[in-house]
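Breakdown of the fold
One letter stands for each residue in the lines below.
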Amino acid sequence: MSSRSQDKLNHVANSIVGNVKAIAANILDENSVDALFEQVGSFDHLVVTAVADENSLRSSLADMDTETARRGMEKFWGTFFAARAAVKNIAQDGSITLTSSVSIFKPSKTGGVSVMSAASGAVAVFGRTLAAELAPIRVNVIAPGVVETGVWSNQSNSERSDLLEWAEKSLRVEHIGQAEELAQAILSLITNSYITGVVLPVDGGLSIT
Ligand SMILES: NC(=O)c1ccc[n+]([C@@H]2O[C@H](COP(=O)([O-])OP(=O)(O)OC[C@H]3O[C@@H](n4cnc5c(N)ncnc54)[C@H](OP(=O)(O)O)[C@@H]3O)[C@@H](O)[C@H]2O)c1
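Residues numbered from 1 in each chain as written. Predicted model: local features only at pLDDT ≥ 70, side-chain atom pairs only at ≥ 80, totals over all residues.

1. Brief notes about the overall build of the protein chain
Where we set the bar: Secondary structure is summarised from DSSP: a helix means a run of H or I of at least four residues, a strand means a run of E of at least two, and numbering begins at the N terminus for each. Backbone-placed C-beta atoms define the burial measure: a residue is buried with 20 or more other C-beta atoms within 10 Å of its own, exposed with 12 or fewer, and partly exposed in between. Two residues qualify as a contact pair if the distance between their C-beta atoms, derived from the backbone, is within 7 Å.
When its secondary structure is counted, the protein chain shows seven helices and four strands. In the protein chain, the order of α-helices and β-strands from amino to carboxyl end is α-α-β-α-α-β-α-β-α-α-β. Expressed along its principal axes, the backbone C-alpha trace of the protein chain runs to roughly 45 × 35 × 35 Å. Here the protein chain holds 209 residues, and the buried ones make up 28% of them. Restricting the contact set of the protein chain to residue pairs at least 6 apart, pairs at least 24 apart contribute 71%.

Written as structure tokens, this is what we have:
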């Protein structure tokens with residue numbers, strides 16, 4: 001497992017049964033990513049879920065400064081750094097799973113997320129192209145809908161209850177997504193040796209509402 005904060009990693013590692021190695025790295029720093037994968041050595045499956053600073057990067061197009069727009073594309077660059085470093089040591093029967101967003105299927109007109117959606121689009125196309133380029137290594141992409149994770153942690157109580165109510169009323173599955181539901185989808189992409197090159201919406205039906 002890896003993310004920037006060793007403390008957070010240690011906390012999670014202590015809650016997982018099994019042999020867990022937790023190494024801090026910054027996915028937006030290519031040297032840090034390269035050093036991480038040098039330490040890891042040979043391995044089977046890569047899952048990239050960092051980064052998400054989505055709510056602080058929201059901006060309507062007219063008000064979007066270039067710095068915010070560049071930061072909105074960071075998700076692509078982090079994904080690129082991780083995939084490039086990983087490919088040197090990943091097993092030929094292994095897999096890479098990347099994270100895009102449902103926004104590539106259902107654009108949001110109000111959210112100020114145009115550039116972040118473009119980054120998620122880039123991740124999806126990058127993943128499908130890598131599936132062809134890196135075969136027999138399998139490469140897949142998940143496209144989450146609205147999932148209750150740290151990305152929503154700065155919400156006020158009323159914003160949170162509005163979001164939960166919206167999910168209950170609007171989504172086909174009548175609830176907001178949970179991290180475990182995303183993890184199950186990722187696990188099936190990792191373990192099913194016949195799936196490669198897919199972009200899988202895991203969105204409670206948001207893309208068909
Ligand atoms: N949650 C949703 O509703 C939703 C919807 C659509 C798409 N997504 C996508 O799903 C993915 C995961 O989002 P999430 O909701 O799980 O976000 P999150 O709860 O904010 O978690 C982000 C994770 O990335 C790590 N991280 C952030 N910056 C990093 C960096 N520079 N280097 C290494 N690790 C970093 C964080 O740990 P540290 O702080 O320790 O670094 C944290 O573990 C993102 O690609 C996001 O765009 C999420």
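2. Brief notes about the site of the ligand
Applicable threshold: Only the C-beta atom matters for nearness: placed from the backbone, it must lie within 6 Å of the molecule or strand for the residue to count as near. Amino acid classes used here: Ala, Val, Leu, Ile, Met, Phe, Trp, Tyr, Cys and Pro are nonpolar; Asp, Glu, Lys and Arg are charged; the rest, including Gly, are polar. Each domain span listed reflects an automatic or database assignment of domains.
As a structural note, the neighbourhood of the ligand is formed by 21 residues, with S3, R4, A52, T149 and G150 the closest of them. Taken together, the residues that form the shell around the ligand break down as nine nonpolar, eight polar and four charged. Mapping the shell around the ligand onto the domain boundaries places at least three of its residues in each of domain 1 (1-40) and domain 2 (42-208).

3. A closer look at helix α2 (residues 30-40)
Cut-off, in case you're wondering: By arc we mean the arc of the directions from the helix axis to the C-beta atoms, nothing more.
Within α2 the residues assigned to the buried category are V33, L36 and F37. Relative to the axis of α2, the buried residues are bounded by an arc of 90° and lie together on one face. Exposed residues pointing more than 90 degrees away from the buried face of α2 are listed as N31, E38 and Q39. Tucked inside the fold, the buried residues of α2 contact α4 (74-86). Phi turns positive one or two residues past the end of α2, at G41, with a value near 70°.

4. Topic: the nonpolar core
Counted only if it meets this: Nonpolar cores are identified as sets of buried Ala, Val, Leu, Ile, Met, Phe, Trp, Tyr and Cys residues joined via C-beta atoms within 7 Å.
Of all hydrophobic cores here, the largest spans 35 residues; its most connected members are V33, A82, A86, I96 and A143. Among the secondary structure elements, those contributing two or more residues to this core are α2, α4, β2 (90-99), α5 (114-133) and β3 (138-144). When residues of this core are assigned to domains, at least three map to each of domain 1 (1-40) and domain 2 (42-208). Non-local contacts of A82, meaning those with residues more than four positions away in its chain, are made with I27, V33, L46 and V48.

5. So, the domain arrangement of the protein chain
Parsing the protein chain into structural domains produces domain 1 (1-40) and domain 2 (42-208). Domain 1 and domain 2 are separated by 19 Å when their C-alpha centres are compared. The interface of domain 1 with domain 2 comprises eight residues on the first partner and eleven residues on the second.

6. Side note on the sheet that holds strand β4 (residues 199-202)
The line we're drawing: Only strands joined by at least two bridges in the DSSP assignment are considered to pair. What counts as an axis is a line fitted to C-alpha atoms, over the stretch in contact for a helix, and the angles between N-to-C directions run from 0 to 180 degrees.
Read from one edge to the other, the open sheet built from four strands follows the order β1-β2-β3-β4, with strand pairing classed as parallel. Pairing within the sheet leaves two strands with one partner each, and these edge strands are β1 (43-47) and β4. The sheet shows a mean angle of 20° between the axes of neighbouring strands, taken without regard to direction. Bridge count between β1 and β2: four bridges; the pairing is parallel. Paired with V47 across the bridge in β2 is T97. Its contacts with the sheet place α4 against β1 and β2, and it is angled at close to 175° to β2. Contacting β2, β3 and β4, α5 runs over the sheet at an angle of about 160° to β3.

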